[in-house]
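# Structural features, examined
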Amino acid sequence: DIIYVLPSVADVKIFSGGKTNRIIDNNPIFQTWVKDKDSVEQKKVGDNIIYYRGAWTERAAISVSADKLILDEYDRCKPEILEMYESRLQASKHKHKAIFSNPSIPDFGVDKYYKISDQMEWNIRHDCGESYPMREDCINYETAKFQCPHCNGEITDEQRRNGFWYSQTHGEWTKKAADNIWRGYKISLWICPWVSAQDIVDYKQTKSPEYFANFVAGEPYLGGGNKL
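These numbers were taken from a predicted model, which means no experiment stands behind them.

## Describing the sheet that holds strand E4 (residues 68-71)
Pairing is mixed in the open sheet, where five strands are placed in the order E2-E3-E1-E4-E5. Lying at the two open borders of the sheet, with one neighbouring strand each, are strand E2 (42-45) and strand E5 (96-99). Ignoring which end each strand starts from, the neighbouring axes of this sheet average 15° apart. Note that strand E1 (residues 2-6) and strand E3 (residues 48-54) share five bridges and pair parallel. For Ile2, the partnering residue across the bridge sits in E3 and is Ile50. Strands in contact with helix H1 (residues 9-25) are E1, E2 and E3; relative to E3, the strand with the most contacts, it is inclined by about 140°.

## Concerning the nonpolar core
Residues Ile3, Val5, Ala55, Leu69, Leu71, Leu82 and Tyr85 are the most contacted members of the largest nonpolar core, which totals 20 residues. Among the secondary structure elements, those contributing two or more residues to this core are E1, E3, E4, helix H3 (79-86) and helix H4 (110-115). With three residues, the single largest contributor to this core is H3. In this view, Tyr85 contacts Ile3, Val5, Arg53, Gly54, Ala55, Ala60, Ala61 and Leu69; residues no more than four positions away in its chain are not counted. Core analysis: the second largest hydrophobic core is formed by 18 residues, Ile155, Trp190, Ile191 and Phe212 among them.

## Points about the packing of aromatic side chains
Counted by the stated rule, this structure contains eleven aromatic pairs. Where Phe15 meets Tyr52, the ring centres are 6.4 Å apart and the plane angle is 45°; that geometry is what we call tilted. Separated by 37 residues along the polypeptide, Phe15 in helix H1 and Tyr52 in strand E3 bring together distant segments of the chain. With centroids separated by 5.8 Å and ring planes inclined at 90°, the aromatic side chains of Tyr74 and Tyr113 adopt a geometry described as edge-to-face.

## Here we look at the packing of helix H7 (residues 197-206) against helix H8 (residues 209-217)
Where H7 meets H8, the axes come as close as 9 Å, and the angle between the chain directions of the two elements is 155°. Between H7 and H8, the angle is such that the two are roughly antiparallel. Crossing hand, H7 versus H8: right-handed. Between H7 and H8, the contacting residues are Ile200, Tyr203 and Lys204 on the first element and Tyr211, Phe212 and Val216 on the second.

## Concerning the side chain of Lys186
Following the sequence through the fold, Lys186 ends up in the loop between helix H6 (175-180) and H7. Here the side chain of Lys186 touches Glu219 through a polar contact of 2.8 Å, side chain to side chain. Those residues in contact with Lys186 that sit more than four places away from it in its chain are Tyr114, Met120, Trp165, Ile191, Ala217, Gly218 and Glu219.

## Quick look at the sheet that holds strand E7 (residues 131-133)
Sheets are built from strands paired through backbone hydrogen bonds, the pairs being either parallel or antiparallel. One open sheet accounts for three strands, arranged E7-E6-E10; its pairing is antiparallel. Both edges of this open sheet fall to E7 and strand E10 (164-167), since each of them pairs with a single strand only. Mean inter-strand twist for the sheet, computed between neighbouring axes without regard to direction, equals 45°.

Parameters and conventions
Residues numbered from 1 in each chain as written. Predicted model: local features only at pLDDT ≥ 70, side-chain atom pairs only at ≥ 80, totals over all residues. Heavy atoms only, no water. Pairing = 2+ DSSP bridges. Helix = DSSP H or I, 4+ residues; strand = E, 2+ residues; numbered from the N terminus. Axes fitted to C-alpha atoms, helices over the stretch in contact; angles between N-to-C directions. Contact = heavy atoms within 4.5 Å. Core = buried A, V, L, I, M, F, W, Y, C linked by side-chain atoms within 4.5 Å. Buried < 20%, exposed > 50% of the residue type's maximum accessible area, 1.4 Å probe, protein only. Phe/Tyr/Trp six-rings, centres within 6.5 Å; stacked < 30°, edge-to-face > 60°. Parallel < 35°, antiparallel > 145°, perpendicular 65-115°, else oblique. Left-handed = near helix turned anticlockwise from the far one by under 90°. Polar contact = N/O pair within 3.5 Å; in protein donor to acceptor, adjacent residues only side chain to side chain.

Read these as spatial facts, not as claims about activity.
Okay, structure coming up:
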């Protein structure tokens, strides 16, 4: 069984009702999987149950146990309630956990977990023969183009699309590493082939530094206005 946690009950209704249900409605096979029990807050998938819960009250974090805990929008949830959800895995022999979120501030929430993970970043191979992670230094803000930081040649959408995940701490993926550490993926907008360099330039010019860091670069941000 799985507990899927979102910040609030309202978020559960929007996510489960507006996204999950629409995916099921458009897939006849999924419809046969959930035919026995299908509601906004609970779905029976085969012999297993997915519980959709909020993370704003203690009441939501009790009464059910699970083998896997999925914590979505982690940095926007109440930390003390998330800790209570951890106890829901105590009876399981699996104790799987997955965390998703845009980061907020350094060394908190998803950023804390990413730092102790294998730190996977999306790498590309350019025509010049160089391979490197796709980062902000691959954007030329003057020409509004993706540009190789080594040869200054243009990076195509196809090169961005056909990249590969590479661990910044463990190199190529190994089974041994996967068994002993968190797997962490950094997903910035410049690795998404449907997002153009001009889109990034526009975000840089029109959004706040905090917005750009958290929702474009996938980085934590601590500015003068942030209070711990």
